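Architecture at a glance
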Amino acid sequence: LYQNLTTPNTVIYEGSRPTVDVDTVANSNDGQPMTPEQLYAANLASCVGITVNTTVNIFGQTTTSAASGSGFVLTQDGYIVTNFHIIQGGVSLNVSMLSSTANYDAKLVGYDEELDLAVLKIEAQGLTPARLGSSDQLSVGDSVYAIGNPMGYLHGTMTEGIISSPTRTIQVDGKDMNLLQTSAALNSGNSGGALTNAYGQVVGITSAKITGVENDTVIEGLGLVIPINDTIPFLNQMIHTGQSFRPSLGILCQEVQMDDTSGVYVVSTTADTPAHEALLEGDVILAANGVDTPTLYALTRVLNDTGVGNQVELSVLRDGGVLSISITLYDRLT
């Protein structure tokens, strides 16, 4: 499912971006659980297959090849989400609806290589956006279902499994990713597709799996999925601007545990950033916007949700007391 990443060659979307009336949001996992048949019927119209055409020059001869993946609809006017590694290196993109024979040429709106996310645009109206649930509410043992396009030709395949772990830090291509682990069968072509909960809501984007043999043991049932809550700030940013972002304070930091207190320890601040002089070496960030931040992951999530140009309210342990410090976030990608 996952391979080494390169800068994509796909054509960037050049049309005027339609006004997005509402941002993509995660809803609470409530309502009535669905049967697998009801869940499939409710979600298939939102799921798509993606074909990526690439060209390779070998000994002066240009060869065309195609790769396949999955995705799902974000807005009724044609924004689609998938994995970055699906569209990397492509020269043309095609999106096919898994519920019909309709297919569309697609353009790349924006991507984030580090997070393995890409947003595409097709010229269509009246599509059925996926209903999003909350990946934060998942627990081990919850039923989940993957709908996608495995092998590139098994259109609309659904597989069933459980959440094996709601928080798994896995190193993928040399970088740590915080992922869901599932026992639902994922195969080549499933990448970028929807993982839904029992309420028919998408709670993750299927991304990778661990395969092979380790210590003479065949590895099976280790599917990895990007939590939907982690993707929402970036998907909205890409839909509206065509660019990703990294809301940041401007600190070098590490996790720290002191007696019963966990937080993010400020090692140093970077000159000409909002944190410089506002935070000091040795400060410990205990919470941000009222959310406890015992880990770097927890702090980063709050910063991403807050967004560039907005203020984050930090609770900071300094010299035995707790201070409230407001800092306006900047974008470290610019």
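Residues numbered from 1 in each chain as written. Predicted model: local features only at pLDDT ≥ 70, side-chain atom pairs only at ≥ 80, totals over all residues. Heavy atoms only, no water.

Examining the sheet that holds strand S3 (residues 79–82)
Sheet strands pair via backbone hydrogen bonds, and the direction of the pair is either parallel or antiparallel. This is how it is decided: What makes two strands pair is DSSP finding at least two bridges between them. Counting from the N terminus, the helices are the DSSP runs of H or I reaching at least four residues and the strands are the DSSP runs of E reaching at least two. Every axis in this analysis is a line fitted to C-alpha atoms, fitted for helices over the stretch in contact. Angles between the N-to-C directions lie between 0 and 180 degrees. We call two residues contacting when some pair of their heavy atoms lies within 4.5 Å.
Here 6 strands make up a closed barrel; going around it, the order is S1-S2-S3-S6-S5-S4 and the pairing antiparallel. Neighbouring strand axes in the sheet, compared pairwise and without regard to direction, differ in orientation by 40° on average. In this structure, strand S4 (residues 92–97) lies alongside strand S5 (residues 103–112), joined through 4 bridges in antiparallel fashion. What sits directly across from Ser96, in S5, is Asn103. Lying on the sheet, helix H3 (residues 228–241) is in contact with strand S2 (61–73), S3, S5 and strand S6 (117–122); it crosses S6 at an angle near 45°.

Let's talk about the confidence of the model for the protein
Note the following rule: As a per-residue measure, pLDDT tells how confident the predictor is, with possible values from 0 to 100.
When pLDDT is averaged along the protein, the result is 89; 91% of the residues meet or exceed 70. Mean pLDDT per element in the protein: strand S12 (residues 212–214) is the minimum at 59, and strand S18 (residues 284–288) is the maximum at 98. In this model residues 1–6 is a low-confidence stretch, pLDDT under 50, and it forms 31 contacts with partners more than four residues away in sequence or in other chains.

A closer look at the sheet that holds strand S10 (residues 194–197)
Taken in spatial order, the 6 strands of this closed barrel run S7-S8-S9-S14-S11-S10, and their pairing is antiparallel. For this sheet, the mean angle separating the axes of adjacent strands, direction not counted, is 50°. Here S10 runs beside strand S11 (residues 202–209); their pairing, made up of 3 bridges, is antiparallel. When the sheet's bridge partners are listed, Leu195 is paired in S11 with Gly204. Those strands touched by H3 are strand S9 (175–182), S11 and strand S14 (223–227), and its axis lies near 50° from that of S14.

Observations concerning the side chain of Asn94
Note the following rule: Within 3.5 Å is the distance limit for a polar contact, defined as a pair of N or O atoms, with the added protein rule that one can donate a hydrogen and the other accept it, and that residues adjacent in sequence qualify only through two side-chain atoms.
You can see Asn94 is positioned in strand S4. Within the local environment of Asn94, its side chain forms a polar contact with the backbone oxygen of Tyr104, the two atoms lying 3.2 Å apart. Setting aside residues up to four positions removed in sequence, Asn94 forms contacts with Gly49, Ile50, Thr51, Asn103, Tyr104 and Asp105.

A closer look at the packing of H3 against helix H4 (residues 296–306)
Applicable threshold: Left-handed is the label given to a crossing in which the near helix is rotated counterclockwise from the far helix by less than a right angle, and right-handed is the label when the rotation is clockwise. Throughout, the ten residues Ala, Val, Leu, Ile, Met, Phe, Trp, Tyr, Cys and Pro are labelled nonpolar, Asp, Glu, Lys and Arg are labelled charged, and all others, Gly among them, are labelled polar.
Across the interface, H3 lies against H4 with an axial gap of 9 Å and an inter-helix angle of 35°. By crossing handedness, the relation of H3 to H4 is classed as left-handed. On the side of H3, the interface is formed by Asn229, Asp230, Pro233 and Phe234, while H4 contributes Tyr297, Arg301, Asn304 and Asp305. Tallied by class, the residues present in the contact of H3 with H4 amount to 3 nonpolar, 2 polar and 3 charged.

A closer look at the pattern of salt bridges
Definition in use: For this document, the term salt bridge refers to a Lys or Arg side-chain nitrogen within 4 Å of an Asp or Glu carboxyl oxygen. Relative accessibility thresholds used throughout: buried, under 20% of the residue-type maximum; exposed, over 50%; partly exposed, between the two (1.4 Å probe, protein chains only).
Following the criterion strictly, the structure yields 5 salt bridges and no others. Note that Arg246 and Asp112 form a salt bridge whose closest N and O atoms lie 2.6 Å from each other. You can see Arg246 sitting in the loop between H3 and strand S15 (247–248) and its partner Asp112 sitting in strand S5, a full 134 residues away along the chain. The class of Arg246 is buried, set by a relative accessible area of 6%. Between Asp230 and Arg301 there is a salt bridge whose closest N-O contact spans 3.1 Å. Linking Asp230 in helix H3 with Arg301 in helix H4, this pair joins segments that are 71 residues apart in sequence. Like Asp230, the residue Arg301 is buried in the burial classification. Three or more residues are tied together by salt bridges with common partners; here these are Asp112, Glu114 and Arg246.

Description of the environment of Leu132
Position of Leu132 among the secondary structure elements: in the loop between S6 and strand S7 (143–148). Looking at Leu132, the relative accessible area reads 3%, which means it is buried. Spatially, the C-alpha atom of Leu132 lies 6.0 Å from that of Asn27, the residues being 105 residues apart in sequence.

Some points on unusual backbone geometry
Of note in the backbone geometry, Met151 takes a positive phi value of approximately 65° without being a glycine. Looking at the element boundaries, Met151 is found in the loop between S7 and strand S8 (157–172). Within the chain, Asp272 stands out as a residue other than glycine whose phi angle is a positive 65°. With respect to the helices, strands and loops of the structure, Asp272 is situated in the loop between strand S17 (261–269) and S18.

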